[in-house]
Amino acid sequence: MITKAVILAGGLGTRLSEETEAKPKPMVEVGGRPIIWHIMKIYSHYGINEFIVCLGYKGYVVKEYFSNYFLHMADVTLDLTTNDHTTHYRRAEPWKITLIDTGAETMTGGRLKRVREYLGDEDFCMTYGDGVADIDIGKLLEFHRSHDRLATVTAVQPPGRFGALELDQDDVLGFREKPQGDGSWINGGFFVLSPKVIDRIAGDDTVWEKGPLEGLARDRQLASYKHSGFWQPMDTLRDKRHLESLWEEGKAPWRKW
């Protein structure tokens, strides 16, 4: 039974520098909560409540957030004369979170290799700490179990960046809002992996998306779960504002809880 999810949360987020000078990209907020919280809520909705978070750049910010999470989510009375506190109402999640410093300069594959000892022998989920989707994790896991390959990657079709004009020669017939891109399928994260894939990672300098994934593909050990629904990474301030507006308008497709 798959019960764990690894979240890669160590990158610099250089294209989101307005937000990431003081915190790592997974801690950039959407709707008043870090995007990593949204990702964990997606998994938790489908019964995955144990997380191994691979930290790097400003990892202490993630540690401090989750260390104080119970306090953040509870109503309390503080008696400053005695330093006592009383908890009245708790809204904490049923999560077990292991926060591992995997190095400031470590590549994505190296980060996964560094948390091997926390994974056990069962297959596990893995994704990036900066993207959300309305993906059905239950169906993803079911698909992974249906084949004998070592790895499953969620394939997505990214949205186009701009609206499109509907033309008839020189006449504009109308407008279409941000159609899908060129129809190509890309790596959308939300992997399901056998621990055996970690044997393909040489060390800290290994980029997961290069040697290991390409090798799995060559060996016919990588299957794709096609997700044609909503998927959005948060690579730029524009992406962040888009996700924020969806949340504020009550139209966030990834919010299934």
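Report follows, based on the coordinates.

Calculation notes
- Residues numbered from 1 in each chain as written.
- Predicted model: local features only at pLDDT ≥ 70, side-chain atom pairs only at ≥ 80, totals over all residues.
- Heavy atoms only, no water.
- Helix = DSSP H or I, 4+ residues; strand = E, 2+ residues; numbered from the N terminus.
- Rg over C-alpha atoms; globule rule 2.2 N^0.38 Å.
- Buried < 20%, exposed > 50% of the residue type's maximum accessible area, 1.4 Å probe, protein only.
- Contact = heavy atoms within 4.5 Å.
- Areas by Shrake-Rupley, 256 points an atom, 1.4 Å probe, with all protein chains shown as cover.
- Lys, Arg positive; Asp, Glu negative; His and termini not counted.
- Charge placed at Lys NZ, Arg CZ, Asp CG, Glu CD.
- Core = buried A, V, L, I, M, F, W, Y, C linked by side-chain atoms within 4.5 Å.
- 1 Å grid on protein atoms, 1.4 Å probe; cavity = no way out; pocket = protein on both sides within 12 Å on 5 of 7 lines; lining within 4 Å.
- Points joined across faces, edges and corners; volume = space filled by probe spheres on them.
- Nonpolar A, V, L, I, M, F, W, Y, C, P; charged D, E, K, R; others polar.
- Salt bridge = Lys/Arg side-chain N within 4 Å of Asp/Glu carboxyl O.
- Polar contact = N/O pair within 3.5 Å; in protein donor to acceptor, adjacent residues only side chain to side chain.

Scanning the protein from terminus to terminus reveals eight helices and 16 strands. Relative to its length of 257 residues, the protein is compact, with a C-alpha radius of gyration of 20 Å against a globular reference of 18 Å. With the principal axes as the frame, the protein shows a C-alpha extent of 80 × 45 × 35 Å. Buried residues in the protein amount to 46% of all 257 residues. By sequence separation, contacts in the protein at least 24 residues apart represent 73% of the contacts at least 6 residues apart. Carbon and sulfur atoms provide 47% of the accessible area of the protein, an area that totals close to 13,700 Å². Positive and negative side-chain charges of the protein, numbering 33 and 38 respectively, have mean locations separated by a distance of 3 Å.

Attention shifts here to the nonpolar core. In this structure, Tyr43, Ile137 and Trp254 are the most contacted members of the largest nonpolar core, which totals 46 residues. For this core, the elements supplying multiple residues, two or more each, are β1 (4-9), α2 (35-45), β4 (50-55), α3 (59-67), β9 (131-133), α6 (137-145) and α8 (237-248). The element best represented in this core is α2, accounting for seven residues. Residues within four places of Tyr43 in sequence aside, it is in contact with Ala5, Ile48, Phe51, Cys125, Met126, Thr127, Ile137 and Phe190. Membership of the second largest hydrophobic core comes to 22 residues, among which are Ile100, Tyr128, Phe191 and Val197.

Right, let's get into the side chain of Thr106. Its location among the elements puts Thr106 in the loop between β7 (96-101) and α5 (108-114). Those residues in contact with Thr106 that lie beyond four places of it in its chain are Arg111, Arg114 and Asp204.

The computed volume of the largest pocket comes to approximately 800 Å³. Among the secondary structure elements, those contributing two or more residues to the lining of the largest pocket are β1, α5, β8 (124-128) and β16 (231-233). Grouping the amino acids of the lining of the largest pocket by side-chain chemistry returns twelve nonpolar, twelve polar and seven charged.

In the structure shown here, the tally under the stated rule is eight salt bridges. As a salt-bridge pair, Asp235 and Lys25 come within 3.5 Å of each other at their nearest N and O atoms. Note that Asp235 is positioned in the loop between β16 and α8 and Lys25 in the loop between α1 (17-20) and β2 (29-30), a separation of 210 residues in sequence. A residue is classified by how much of its surface remains accessible, and Lys25, at 12% relative accessible area, is buried. Ionic pairing is found between Asp219 and Arg200, a salt bridge with its closest N-O pair at 3.0 Å. A residue pair is termed long-range when its members are at least 10 positions apart, and Asp219 in the loop between α7 (211-218) and β15 (222-227) and Arg200 in the loop between β14 (191-193) and α7 qualify at 19 residues. Among the charged side chains, a salt-bridge network with shared partners connects Lys25, Asp130 and Asp235.

The residue Gly110 is located in helix α5 in this model. Residues Gly110 and Trp208, 98 residues apart in the sequence, show an inter-C-alpha distance of 7.6 Å. Setting aside its immediate chain neighbours within four residues, Gly110 contacts Ile201, Gly203, Asp204 and Thr206.

Okay, the side chain of His227 next. Mapped onto the elements of the fold, His227 is located in strand β15. Look at His227 and you get buried, because its relative accessible area is 8%. Here the side chain of His227 touches Asp134 through a polar contact of 2.9 Å, side chain to side chain.

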